[in-house]
Amino acid sequence: MAETRTIAGLIEERFGLPTRAGAAMPAEGTVAQILSHRVQRRYKPYPIPDDVLEIVLASALSAPSKSDLQQVAIVLVRDRVKQALIGSFIPDMPWIAGAPLFIIFCGDHRRMRRVAEMRGKPFPNDTLDMFMNAAVDAGLVMQNFITAGEALGLGSCPISVVRNHVEKVAELLELPEGVFPVAGLTVGYPAQRGYTSMRLPPSLTVHTDRYDDGDLPAQLEDYDRRREARFATPRDKQRYPDLWGYTEPYGWSEDKARQYSVPERHNFGPFIRRHGFELA
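Residues numbered from 1 in each chain as written. Predicted model: local features only at pLDDT ≥ 70, side-chain atom pairs only at ≥ 80, totals over all residues. Heavy atoms only, no water.

Q: I would appreciate a short explanation of the side chain of Arg 226 in the present structure.
A: Along the chain, the position of Arg 226 falls in helix α10 (residues 216-230). On the basis of relative accessibility, which here comes to 15%, the residue Arg 226 falls in the buried class. Within polar-contact distance, the side chain of Arg 226 engages the backbone oxygen of Phe 15 at 3.3 Å. In terms of polar contacts, Arg 226 uses its side chain to reach the side chain of Asp 222, at 2.6 Å. (Helix = DSSP H or I, 4+ residues; strand = E, 2+ residues; numbered from the N terminus. Buried < 20%, exposed > 50% of the residue type's maximum accessible area, 1.4 Å probe, protein only. Polar contact = N/O pair within 3.5 Å; in protein donor to acceptor, adjacent residues only side chain to side chain.)

The structure is reproduced here in structure tokens:
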């Protein structure tokens, strides 16, 4: 008889650590779906039916919104030429150009400015806080889209790298002042199962009453070891070997330290300021 999968088993798969939480709960329903999330970069060549997309978009826009401001804009990139052009900005991610659907989730500060103008009210709030409100709203909507899409058989891959090319993306999609890309998302029916990406242990990310990372070095070493034991980083995937050479074992912490060892997205802050935010 096949072993019944449980929520505990999904948690263990996600973190690589034993747990009894959820041992009596079958791996089904919303919690199981969330714990089983996998990024998908390979898609079957099938379009997404309009009714499926409408359902997923409605679910996405049901996300929480700060003060009911609803500061989000979703751009469906239907023009395959535009999609291919965005893909050409990021050639090491061919799934952008090849996905059945590409979406840009944007923070939308413009709409509230226009509402204030229409109602004859001042709007002295082009602030950092308003920027964060719009960015978080867009992120929540994107996460709802991912979750709802997976429930209907879709897979997706968030693309934060669109912000590396924010000026070109904004021009291509004619984003007006106050509307800015938060992330892209490739969407389609998965061509393969994908794999579960092991997360940092909750003991590092969940704190009680005060922040405490005193055990960070030991916990990171243990996490790197568990993660590499499951999916060892191929030598050709080590970042910036011309700067840092090759390291064995490699591990998550080495990878992320290398990732941010070179300047990245220093154009984004100036773009946001030019785009109508004082960030004060």
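That was the structure; now back to the text.
Q: How should I be thinking about the sheet that holds strand β2 (residues 101-108) in this particular structure?
A: Within a sheet, adjacent strands bond to each other through the backbone by hydrogen bonds, running parallel or antiparallel. Taken in spatial order, the four strands line up as β1-β2-β4-β3 in an open sheet, and their pairing is antiparallel. Only two strands of the sheet have a single neighbouring strand rather than two, namely β1 (72-77) and β3 (155-159). Across this sheet, the average inter-strand angle for adjacent strands is 25 degrees, counted without regard to direction. (Pairing = 2+ DSSP bridges. Axes fitted to C-alpha atoms, helices over the stretch in contact; angles between N-to-C directions.)

Q: So what exactly am I meant to see when it comes to the packing of aromatic side chains here?
A: A ring pair, where both rings are aromatic, is described by two values, the distance of the centres and the angle of the planes. On inspection of all chains with the given rule, the structure shows seven aromatic pairs. Taken together, a centroid distance of 5.7 Å and an interplanar angle of 85 degrees make the contact between Phe 180 and Phe 277 edge-to-face. Here the residue Phe 180 occupies a position in strand β4 (residues 179-188), and Phe 277 occupies one in the segment after α13 (268-274), the gap between them amounting to 97 residues. Accessibility assignment for this pair places Phe 180 and Phe 277 in one class, buried. (Phe/Tyr/Trp six-rings, centres within 6.5 Å; stacked < 30°, edge-to-face > 60°.)

Q: It is not clear to me how the environment of Asp 108 should be interpreted in this structure. Could you clarify?
A: With respect to the helices and strands, the residue Asp 108 is situated in strand β2. Classification of Asp 108 by relative accessible area gives buried; the value is 7%. C-alpha of Asp 108 to C-alpha of Ile 7: the two residues are 101 residues apart in sequence and 37 Å apart in space. Ignoring anything within four residues of it in the chain, the contact list for Asp 108 reads Gln 71, Val 72, Ala 73, Ala 134, Gly 178 and Val 179. A polar contact of 3.1 Å, which involves the side chain of Asp 108, links it to the backbone nitrogen of Arg 110. A distance of 3.0 Å separates the side chain of Asp 108 from the side chain of Arg 111, its partner in a polar contact. (Contact = heavy atoms within 4.5 Å.)

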